[in-house]
Amino acid sequence: MKLLKRTRRNRRKWIAGLIVLPIYVFILFPFYVMIATALKSIKEVYTYPPLFWSVQPQWENFVQVWREIPLGNFMMSSLIIASGATVLATLCAIPAAYALARMSFPGRAFWLQTMLVSQMFSPVIIIVPLFKLIVLLGLNDSYTGLIIANAAFDVTFSVWLLTSYFQSIPKDMEEAAFVDGCTRLGVMFRIVLPLARPGVVTVVIFVFITTWNEFMMALTFITSPEKKMITVGLFQLVGKFEVQWNLLAAGAIFGVLPTLILFMLIQKQLIKGLVAGAVK
Amino acid sequence: MAPSLVLLLLIIAYPIWMTFITSFAADGGFTLERYQSVIREEAFPEILLQSAIWTFGGTALIFLIGLVLALCLNENFWGFRTARLLLLLPWATPIAISALVWRWIFNDQYGILNYILYRLKITDGKTAWLAFGNTGFLANMVVEIWSGLPLMTLIILSGLQSIQEDIYEAATVDGATWLQSLWHITLPLLRPVFIVANLMFVIWTFNSFPVIWVLTRGGPIHSTDTLVTYIYKTAFQYGMFEEATALAMITFVFLLVFSLLYARRVFNEGEER
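Residues numbered from 1 in each chain as written. Chains lettered and ligands numbered in written order. Predicted model: local features only at pLDDT ≥ 70, side-chain atom pairs only at ≥ 80, totals over all residues. Heavy atoms only, no water.

Visitor: I keep staring at the overall build of chain A and nothing clicks. Help me out?
Guide: Along the backbone of chain A there are 13 helices and zero strands. Each helix (α) and strand (β) of chain A, taken in turn from the N terminus, gives the series α-α-α-α-α-α-α-α-α-α-α-α-α. A buried classification covers 55% of the 280 residues belonging to chain A. Within chain A, contacts between residues at least 6 apart in sequence are counted, and of these 74% link residues at least 24 apart. Counting only carbon and sulfur atoms, one obtains 68% of the accessible surface of chain A, whose full area is about 13,100 Å². (Helix = DSSP H or I, 4+ residues; strand = E, 2+ residues; numbered from the N terminus. Buried < 20%, exposed > 50% of the residue type's maximum accessible area, 1.4 Å probe, protein only. Contact = heavy atoms within 4.5 Å. Areas by Shrake-Rupley, 256 points an atom, 1.4 Å probe, with all protein chains shown as cover.)

Visitor: For this particular structure, what's the right way to read the overall build of chain B?
Guide: Helix and strand counts for chain B stand at 13 helices and two strands. Residues classed as buried in chain B amount to 55% of the 273 residues present. Across chain B, the fraction of contacts at a sequence separation of at least 24, relative to all contacts at a separation of at least 6, is 68%. Counting only carbon and sulfur atoms, one obtains 64% of the accessible surface of chain B, whose full area is about 12,400 Å².

Visitor: Before we go on, may I ask you to explain the packing of aromatic side chains in this structure?
Guide: Describing an aromatic ring pair means giving the distance of the ring centres and the angle of the ring planes. All chains considered together, the criterion is met by 30 aromatic pairs over all chains. Ring geometry for Phe 131 of chain A versus Phe 221 of chain A: centroids 6.1 Å apart, planes at 15°, classification stacked. Of this pair, Phe 131 of chain A sits in helix 6 (residues 127–136) while Phe 221 of chain A sits in helix 11 (residues 216–221), and the two are 90 residues apart along the sequence. Seen from their ring centres, Phe 215 of chain A and Phe 235 of chain A are 5.5 Å apart, and the 75° between their planes marks the pair as edge-to-face. Remark: Phe 235 of chain A occurs in helix 12 (residues 230–236) and Phe 215 of chain A occurs in the loop between helix 10 (197–213) and helix 11; sequence separation between them is 20 residues. An identical accessibility class is assigned to Phe 215 of chain A and Phe 235 of chain A; each is buried. Ring pairing ties together the aromatic residues Phe 131, Phe 215, Phe 221 and Phe 235 of chain A together with Phe 209, Trp 213, Tyr 232 and Phe 236 of chain B, which thus form one cluster. (Phe/Tyr/Trp six-rings, centres within 6.5 Å; stacked < 30°, edge-to-face > 60°.)

Visitor: How should the interface of chain B and chain A be read in this particular structure?
Guide: Bring the parts together and some accessible area is lost; that lost area is often taken as the interface size. The partner chain A presents 86 residues to the 91 residues of chain B that form the contact. Between chain B and chain A, a total of about 8,500 Å² is buried, with carbon and sulfur atoms accounting for 83% of that surface. If you look at where chain B meets chain A, you find zero salt bridges. Where chain B touches chain A, the interface holds four residue pairs in polar contact (both at pLDDT 80 or more). (Buried area = accessible area lost by both parts, 1.4 Å probe. Salt bridge = Lys/Arg side-chain N within 4 Å of Asp/Glu carboxyl O. Polar contact = N/O pair within 3.5 Å; in protein donor to acceptor, adjacent residues only side chain to side chain.)

Visitor: Can you help me understand the environment of Ala 82 of chain A in this one?
Guide: Positionally, Ala 82 of chain A belongs in helix 4 (residues 71–102). A C-alpha to C-alpha distance of 16 Å links Ala 82 of chain A and Leu 71 of chain A, two positions 11 residues apart in sequence.

Visitor: Quick question: what am I supposed to make of unusual backbone geometry here?
Guide: Glycine aside, a negative phi is what most residues show, and trans is what most peptide bonds show. Along the chain, Tyr 48 of chain A connects to Pro 49 of chain A via a cis peptide bond; the corresponding omega equals -5°. When you line up the elements, Pro 49 of chain A lands in the loop between helix 2 (42–45) and helix 3 (61–68). The backbone of Lys 121 of chain B sits at a positive phi, close to 60°, despite the residue not being glycine. Tracing the backbone shows Lys 121 of chain B in the loop between helix 7 (112–119) and helix 8 (133–161). Residue classification places Lys 121 of chain B among the exposed positions, given a relative accessible area of 74%. Positive phi outside glycine occurs at Ile 221 of chain B, with the angle close to 55°. Counting through the fold element by element, Ile 221 of chain B comes out in the loop between helix 11 (210–215) and helix 12 (227–236).

Visitor: Hey, could you run me through the domain arrangement of chain A in this one?
Guide: All names here are of chain A. When its domains are assigned, chain A resolves into domain 1 (2–38) and domain 2 (70–279). Contact with domain 1, which involves four residues of that partner, is made by six residues of domain 2. Carbon and sulfur atoms supply 88% of the area that domain 1 and domain 2 bury against each other, a total of about 430 Å² over both sides. Among the residues domain 1 hides against domain 2, the three largest losses belong to Met 34, Thr 37 and Ala 38. Together they make up 86% of the total. On inspection of domain 1 and its partner domain 2, the count reaches zero salt bridges. (Domains from an automatic or database assignment.)

Visitor: Is there a simple way to think about helix 10 (residues 178–207) of chain B in this case?
Guide: Two residues of an α-helix separated by three or four positions point the same way, owing to the 3.6 residues in each turn. For helix 10 of chain B, built from 30 residues, the straight-helix expectation of 44 Å at 1.5 Å per residue is missed by more than 12%, its first-to-last C-alpha distance being only 38 Å. Maximum bend of helix 10 of chain B: about 55°, positioned at Arg 191 of chain B, with proline Pro 192 of chain B one to four residues after it. (Expected span 1.5 Å × (residues − 1). Bend = angle between axes of the 7 residues up to and from the residue.)

Visitor: What exactly am I supposed to notice about a nonpolar patch on the surface here?
Guide: A cluster of nonpolar side chains, namely Trp 14, Ile 15, Leu 18 and Ile 19 of chain A together with Val 68 of chain B, defines an oily patch on the protein surface of about 520 Å² accessible area. Looking at the element boundaries, Ile 19 of chain A is found in helix 1 (residues 2–38). Given a relative accessible area of 37%, Ile 19 of chain A falls into the partly exposed group. (Patch = residues over 30% accessible without salt bridge, like charges linked within 9 Å, V, L, I, M, F, W, Y side chains within 5 Å.)

Visitor: In this structure, what is going on with the side chain of Thr 37 of chain A? I would like to understand it.
Guide: Inspection of the secondary structure assignment puts Thr 37 of chain A in helix 1. A relative accessible area of 4% means that Thr 37 of chain A is categorised as buried.

Visitor: In this structure, what is going on with the nonpolar core? I would like to understand it.
Guide: As a rule of thumb, nonpolar side chains are buried together in soluble globular proteins. Phe 166 and Phe 215 of chain A are the most contacted members of the largest nonpolar core, which totals 176 residues. The element that contributes the greatest number of residues to this core is helix 4 of chain A, accounting for 15 residues. Domain assignment of the residues forming this core places at least three in each of domain 1 (2–38) and domain 2 (70–279) of chain A. Sequence-distant contacts of Phe 215 of chain A, defined by excluding residues within four places in its chain, comprise Thr 231, Val 232 and Phe 235 of chain A together with Ala 96, Phe 209, Pro 210, Trp 213 and Val 214 of chain B. (Core = buried A, V, L, I, M, F, W, Y, C linked by side-chain atoms within 4.5 Å.)

Visitor: Before we go on, may I ask you to explain the pattern of salt bridges in this structure?
Guide: Two side chains of opposite charge can pair, provided their charged atoms sit close to one another. Residues and elements named next belong to chain B. Per the counting criterion, the structure on display carries one salt bridge over all chains. We note a salt bridge from Asp 225 to Lys 233, for which the minimum N-O separation is 3.0 Å. Per residue, the accessibility class of Asp 225 equals that of Lys 233, and both read buried.

Visitor: I'm lost on the environment of Tyr 110 of chain B in this one. Help?
Guide: Here Tyr 110 of chain B lies in the loop between helix 6 (95–105) and helix 7. Assessed through its relative accessible area of 22%, Tyr 110 of chain B is described here as partly exposed. Sequence spacing of Tyr 110 of chain B and Gly 125 of chain B is 15 residues, and the spatial spacing of their C-alpha atoms is 10.0 Å. Ignoring sequence-local partners within four residues, the contact set of Tyr 110 of chain B consists of Val 45, Tyr 46, Thr 47, Tyr 48 and Pro 50 of chain A together with Trp 104 of chain B.

Visitor: Is there a simple way to think about the confidence of the model for chain B in this case?
Guide: Predicted coordinates in areas of low pLDDT are best not read in detail. Of all residues in chain B, 85% attain a pLDDT of 70 or more, and the chain-wide mean is 81. Per the prediction output, this complex has pTM 0.85; the corresponding ipTM is 0.84. (pLDDT = per-residue confidence, 0-100.)

Visitor: Would you explain helix 4 (residues 80–87) of chain B in this entry?
Guide: Those residues of helix 4 of chain B lying buried are Phe 80, Ala 83 and Leu 87 of chain B. Buried residues of helix 4 of chain B, viewed axially, fall in a sector of 50°; they line one side. (Arc of directions from axis to C-beta.)

Structure below.
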């Protein structure tokens, strides 16, 4: 009986492995294309039948792309805007999450629910008046405008994440500090924050990634070519003339790497946060 | 607390209010004209239909493929940890950039997809994917599914792994086959997870903008538009800001319904445990 069970188990593993294979080809395919194309010479890009791998991989493309397209500008813009939004969102989120976790005030439950609901928002709903507002404030085509907008959209999820983090920290340390005459603010900075560091790190990285990857608002609020974020910049290089797909792919790799690496760092926490809503 | 409030109020609440007002306003009076003109627009029913297929069809496919994938990954075959890590890649990359890569894949003359299809004798290898409505729509769906698969699979996988082994052992002792266990044990147990995940994805898929915009821009004309891209076009390409707000309100109602369903589900689950 035992032997029969084990073979059945093994057979299932084999079948599982086999089914999974084509799905993974699908999942990894664009990454292969991205790398393969980045290494081609422009002639190899525009040949038919297409080459699966370059005959002579052009590693220089990775250097040349910085000269040919304004990749430096794009990356810098993305860096500035993402960092700015991160700082702003985190600074706003920490006190808010602390208040929600520790203090009870009228409308607390309402706030929690509202935050959950507003996570579901797409900028599209409010993009028209938001655009007008940004123009009104004189912030169109500026880094600041996008920083504020992105921060606002990311602050709800950040507060959500941080609140659950703060709630899991035992209160006794804070009580002790109060007894010793520490202020609320002091407690927050000196005790709770260091303990909640993983949560804060997750939030920081999350806002950074989300802002870096953002497309719609970046497309709308910034018009001068030097200030474009990388998601928009690369997109607008297509369809101009004969696109140098190899350089574009190289640029794409650069654009993808920062958030890819950061994502891998926080993937565990992020999944936990998102899954916890679904699975208990 | 105050700074977050200010941010939220300014950037989100105020524009929502303005959208609401503008959609009804006209020369200082209340009017439903905007809604009427928007609904009577020739392309409107078509776009509604496309949005529905996009949202529900996309979510359904992501769910089904994700379920299969999660079930397979749950089997702990050799290398499954690497598999789970690799799975994250589509989710971790900026969708606007990966959509660009897909655009190159779908290229009709030099794209690798057409070549592969041609060699496999599936098509004549000349399909202009992004130039026509139906193929464009398909292409968009493929990319959207590609990017949504990781998260859905991981959610289902977490659910699968939270079920205790003994339930299955008891079932096998009673003579149940794997399929029967699946149907009578796994699926019912995971029903709450499935509902929440699907609600979440309905909202996310509905809101999806970069994929469609980068690949087909909603074209040709409106054949690959969804409500979201249509709103954007109406506002920023045609310059019809006020009409766009009416459309946005309609979209808002839809999203609100689903968001409330989702929120209620999440809160109720929390209270039950």
